[in-house]
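# Remarks on the overall topology
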Amino acid sequence: MTSETGAQLLARLGSRPSMNGLEPSLFGAGPETKTAYELYGEEGTGKSEMLMNFVSSCILPDVWNDLKIGGHNACVVFIDTDYKFSILHLALLLEKRLRGLFKDDSEMNSCMEDMESFIKSCLKRLQLLRCNSSSNLLITLISLENILNSNSDISVLMIDSISSFYWLDKCSGVDNTNMNSITATLNSLLDTYHIVLFVTRAAIVKHKSKDGDRHTEALTADYMCHAWHNFIKHQYVFIPLADSREVKVVCQTQNVNTRFSVSDSGIKFK
Amino acid sequence: MQNSRELNSFPIAPIHKTKLSGAGFLIVEDLKDIKPSELSKETGIDLEESLEIITLVLGGDGDQKASKPTVSALDILHLENASPYIITFSEQVDSMLGGGVPLRKVTEFCGSPGIGKTQMCMQLAVDVQIPEAFGGMGGEAVYIDTEGSFIIERLVDIAKATVQHCHNIASENQEPDMLKVMGQFTMESVLSRIHYFRCHDYVELLSNVHLLPKFLKEHPTVKLVVVDSVAFHFRHDFDDMSLRTRLLTSMAQSFIQLATDSSLAVVLTNQMTTKVQQGESSRLIPALGESWGHASTIRVILYWEGKQRWAWLYKSPSQREAVVPYQITTGGIRDVVSSKLESDEEGEAPAKRQRTS
Amino acid sequence: MSALRVGLCSALTDTVCDALRQAGIRTANEFVIKDVEDLVQKSGVSYKDLQAIRRVVLAQYSSFPQCGLEVYTSALTSIAILPTGCPSIDTLLDGGLYTGELTEIAGQTAVGKTQFCFSCCVSVACDTKQSVLYLDTCGSFTAERLADIITAQDKEQEVDEALTRVRYHRVSDIFQLLERLEEIKLHLSKQTDQFYSSLKLVIVDNVASVLYPVLGGRHMDGLGLMSHLGLKLKILAVDFSIAVLITNNVASEGARVSLGKTWSHVPHTRLFLSRRHDVEGRPVRDAKVVKSNKMDQAKTEKTAVIRQDVQTPDPLSILS
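Residues numbered from 1 in each chain as written. Chains lettered and ligands numbered in written order. Predicted model: local features only at pLDDT ≥ 70, side-chain atom pairs only at ≥ 80, totals over all residues. Heavy atoms only, no water.

## Focus on the confidence of the model for chain A
- Confidence in the prediction of chain A, expressed as mean pLDDT, is 86, and 90% of residues score 70 or more.
- Within the model, the stretch residues 210-217 of chain A combines pLDDT values under 50 with five contacts to residues more than four positions away or in other chains. (pLDDT = per-residue confidence, 0-100. Contact = heavy atoms within 4.5 Å.)

Next comes the structure, spelled out in structure tokens:
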């Protein structure tokens, strides 16, 4: 057994910022620690946008200059395997969210100067990593111990998306070996550090249902390895609604059935 | 950096990729300093194939690749300016195409039966041979016939007319160069310089296309490859549409490769098919579907409007979309004499979409 | 990632390497997932050496975390927006093509995808004086057309100079394309060639031409190659801050892009071009952004009507 320093012990067992109150429409009281949440859906259903929404809630503080924001003041580790993460988009989201909170223009204008530096200070709470293969992702996850040990403010780990390397692995013969190890590593990170995990998974494999293309009870194609599907405690399925620009979100284990739309200032639930 | 390229991005058989990754060989670096015998022992791939894999992966990194020249658009421009066109004997069609059928490109003529696709191909196969003294390119042609529509009598007519045309120019100008080459430019010589292949099914067609590079090496003066028609064997009896798409798109790549590597013109013909759209009247579109639509660089649709034949430049990277009339005479493809056109058309612009009622 | 090789660190000697192989460990990831104490038992290598190797392997093969603020500051300075040469499309795309992004332009045959690529080429090479690399899989590149577009803008004297800033590669299959991309990255990291140090735009016209021939059939190898290509294109864009522009076909019914579900996730931004005839029977093109991470487009789909015209400075000029 490796010896632990006092600081490490504190980081491991000390309380990390709570996620209570994050997106009540999806999580009720809030997402539980040591738990893996999966956002599953087709291209353009707003999975990544939803993660961005979570990131901004996490890294914003609860209160700023008497302004009640309702953020969590937590640090986030974001692993981008899709090479899609846009920091400018996140910064813009933060700005729009803040602007929406002011009662009137004069109040907002008085804060405008501070806004930029405030947003920058929030962005400090984000750690971004990019991975280009499942092996790279595995080794990166293993090395996360160091970051999690040294920073007790990290409450959330996000991966966008877990399915990026699926076909690559499938076709190069690596198949599920890396994915099994990744799942095991994630599991141990959650247990050891009491953090929350959000991952997106793209619907890249056709779901063969007996009813043809109709959305029925079985909404997803479980094409990943068994270990992964056992690891995911709650799966949120994103379904595009044909007639509107809204997206339906269903989670059977949490009894969630809601809908949202992506607006100028990010995600809006109905 | 250079050697972190993944082995699965090389053209290695899937079964070998699995064996390589299973034995821990994942990137180029992993194969450095490995002997074929060691690789064979560790992966279970046989010795000969191990050698092939090592050569493929490491050999490409050596001098051969480094010497591959980079070409600027300016180099291409000079190349394009220096490369001639194959004329069609219809000035209007030629100018619509920017001077004629270009070398280094794939040109497709689409149209219903009897519109003159084969005539166009024969005309081009003759015209590519016009001696350099007359501003031609003195080339040869490869003619791949899939439908059996190649009629030698028609070719003789077109060849005779073309030879006669050149003969007239030579006697008018009394240019010694012209008069000299006329001795060798005869109807018989024209026929002897068209290499004819008949393909009865798609397998024959594919194997012919596959063997063409070798043939062209032996016949370097070939400047035109005609496939009349490319659609015939792919239109019917094809249950596996994904196989069809794969075969067609890889054949398209072969044509483009042929055109650019050997600096020649590839001319394909294609049939038309009826497309029924919901809420719209049905209309004729080129056969073989959307994925084939990208196979040719230049696409010309030939169609009837009343009694008049029209050529519609539907797609071209360098020329504007246009429609011009043409006619077919005993001598081949020709411009429409303007008086005839006016009486036919009464000055009305042609509708650009052909509709079936 | 890679096999464990002698020389990675001082502790990884021939003997240690062999001992690990005996214990069934060849690659870096096989090594890191094992418990070190177990490995001591199995391989006989000392705990100290194994820990040293583990540290090096983790450092070598894991990604490096970046602080959000650093990413933000560097993005502000490095992101460039390249005009496409078609003002109406620039408006749609929030200014033009973004470096660090993969933009896909999709549409049916003869809708003007290649013309759009040419327009971007000219705009970047001529107006912003940066380099462009053109990877042509379908043989439709025509330098004469580039020269025509430049000439139509009354910049005839700049033709030669602008065209030397555009480099062309003919690519005939997916493997050649991957090799080229690898080569580009190599040049970009070396930074010895002036051309590559000012490279801002890489164009692949058209991705479907090289992907169709490997898709389908019994093997799923094609999907692997497809994912590989998508990833490599995005890595090129993101890691080297380059705008990557690709063209794609549409599926037969015309409403969706071709290449299926896996590919649909790949690009950052997708522009859809379609062709119709206006009331006077002239052909016009509609452009529509169907995928974008820039917020304003997420809400409303914008459409621009454009017309292809060789004579005007814009190859795809605004009609209305």
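## A few points about the packing of helix 6 (residues 134-150) of chain A against helix 4 (residues 47-61) of chain C
- In the contact formed by helix 6 of chain A and helix 4 of chain C, the axes pass within 9 Å of each other and the chain directions differ by 120 degrees. On the basis of the axis angle, helix 6 of chain A is oblique to helix 4 of chain C. Here helix 6 of chain A runs over helix 4 of chain C; the crossing is left-handed. Along its contact with helix 6 of chain A, which presents Asn136, Ile139, Ile142, Ser143 and Glu145 of chain A, the element helix 4 of chain C presents Arg54, Val57, Leu58 and Tyr61 of chain C.
- Within the contact of helix 6 of chain A with helix 4 of chain C, the residues separate by chemical class into five nonpolar, two polar and two charged. (Axes fitted to C-alpha atoms, helices over the stretch in contact; angles between N-to-C directions. Helix = DSSP H or I, 4+ residues; strand = E, 2+ residues; numbered from the N terminus. Parallel < 35°, antiparallel > 145°, perpendicular 65-115°, else oblique. Left-handed = near helix turned anticlockwise from the far one by under 90°. Nonpolar A, V, L, I, M, F, W, Y, C, P; charged D, E, K, R; others polar.)

## Things to note about the pattern of salt bridges
- Evaluated as defined, the whole model comprises 22 salt bridges over all chains.
- Two residues, arginine 154 of chain B and aspartate 157 of chain B, come together in a salt bridge whose shortest N-O distance is 3.5 Å. Separated by three residues within a single helix, arginine 154 of chain B and aspartate 157 of chain B lie in helix 8 (residues 152-173), roughly one turn from each other.
- Two residues, arginine 165 of chain C and glutamate 161 of chain C, come together in a salt bridge whose shortest N-O distance is 2.4 Å.
- Under the relative-accessibility criterion, arginine 165 of chain C is labelled buried at 15%.
- The structure contains a network of salt bridges with shared partners spanning Glu43 of chain A together with Glu104, Arg270 and Lys291 of chain C. (Salt bridge = Lys/Arg side-chain N within 4 Å of Asp/Glu carboxyl O. Buried < 20%, exposed > 50% of the residue type's maximum accessible area, 1.4 Å probe, protein only.)

## Observations concerning the packing of aromatic side chains
All names here are of chain A.
- Counted according to the given criterion, the structure contains 26 aromatic pairs over all chains.
- Ring geometry for phenylalanine 27 and tyrosine 37: centres 5.1 Å apart, planes at 75 degrees, overall edge-to-face. Here phenylalanine 27, found in helix 2 (residues 24-27), pairs with tyrosine 37, found in strand 1 (residues 35-41); they are 10 residues apart in sequence, far enough to count as distant.
- Note on phenylalanine 27: relative accessible area 6%, which makes it buried.
- Arranged with centres 4.9 Å apart and planes meeting at 50 degrees, the rings of phenylalanine 78 and phenylalanine 85 form a pair that is tilted.
- What makes phenylalanine 78 buried here is its relative accessible area of 1%.
- The class of phenylalanine 85 is buried, set by a relative accessible area of 10%.
- Each residue in the set Phe27, Tyr37, Phe54, Phe198 and Tyr236 is aromatic and connected to the rest through ring pairs, giving one cluster.
- One cation-aromatic arrangement involves arginine 201 over tyrosine 223; the distance from NZ or CZ to the ring centre is 4.8 Å. (Phe/Tyr/Trp six-rings, centres within 6.5 Å; stacked < 30°, edge-to-face > 60°. Lys NZ or Arg CZ within 6 Å of the ring centre and 35° of its normal.)

## As for the packing of helix 5 (residues 105-123) of chain A against helix 5 (residues 68-78) of chain C
- In contact at an axis separation of 7 Å, helix 5 of chain A and helix 5 of chain C are set at 130 degrees when each is read in the N-to-C sense. In terms of axis orientation, helix 5 of chain A runs oblique to helix 5 of chain C. Contacts from Glu116, Lys120 and Leu123 of chain A in helix 5 of chain A reach Gly68, Leu69 and Tyr72 of chain C in helix 5 of chain C.
- Along the lines of polarity and charge, the residues of the contact of helix 5 of chain A with helix 5 of chain C split into three nonpolar, one polar and two charged.

## Examining the interface of chain B and chain C
- Counting residues at the interface gives 58 residues for chain B and 70 residues for chain C.
- Summing both partners gives a buried area of about 5300 Å² for chain B against chain C, and 53% of it is carried by carbon and sulfur.
- When the area that chain B buries against chain C is broken down by residue, the three leading residues are Gln253, Glu290 and His294 of chain B, summing to 12%.
- In this structure, the connection of chain B to chain C is made through four salt bridges.
- There are 20 residue pairs in polar contact (both at pLDDT 80 or more) connecting chain B and chain C.
- Counting residues per element, the ones that place at least two in the side of chain B that touches chain C are helix 1 (14-22), strand 1 (71-72), helix 5 (73-82), helix 13 (241-261), helix 14 (289-293) and strand 12 (308-315) of chain B.
- If one sorts the elements of the side of chain B that touches chain C by residue count, helix 13 of chain B sits on top with nine residues.
- Here the residues of the side of chain B that touches chain C are counted per class, giving 18 nonpolar, 21 polar and 19 charged. (Buried area = accessible area lost by both parts, 1.4 Å probe. Polar contact = N/O pair within 3.5 Å; in protein donor to acceptor, adjacent residues only side chain to side chain.)

## Digging into the pairing of strand 8 (residues 234-240) of chain A
All names here are of chain A.
- Summarising burial for strand 8: five of the seven residues are buried, a large majority.
- Of the strand pairs in this sheet, strand 8 and strand 9 (residues 247-251) are connected by four bridges, and their pairing is antiparallel. Its bridge partner lying in strand 9, proline 240 is registered against valine 247.
- Count of turn residues in the strand 8/strand 9 antiparallel hairpin: six residues. (Pairing = 2+ DSSP bridges.)

## Remarks on the sheet that holds strand 5 (residues 126-130) of chain A
- The strand order across the open sheet formed by 10 strands is 11(A)-10(A)-9(A)-8(A)-1(A)-7(A)-6(A)-4(A)-5(A)-1(C), and the pairing between neighbours is mixed. Two strands in the sheet have a free side with no partner beyond their single neighbour: strand 11 (266-269) of chain A together with strand 1 (66-67) of chain C.
- When strand 5 of chain A meets strand 1 of chain C, the two strands line up antiparallel, connected through two bridges. Each bridged residue has a counterpart across the sheet, and for leucine 128 of chain A the counterpart in strand 1 of chain C is glutamine 66 of chain C.

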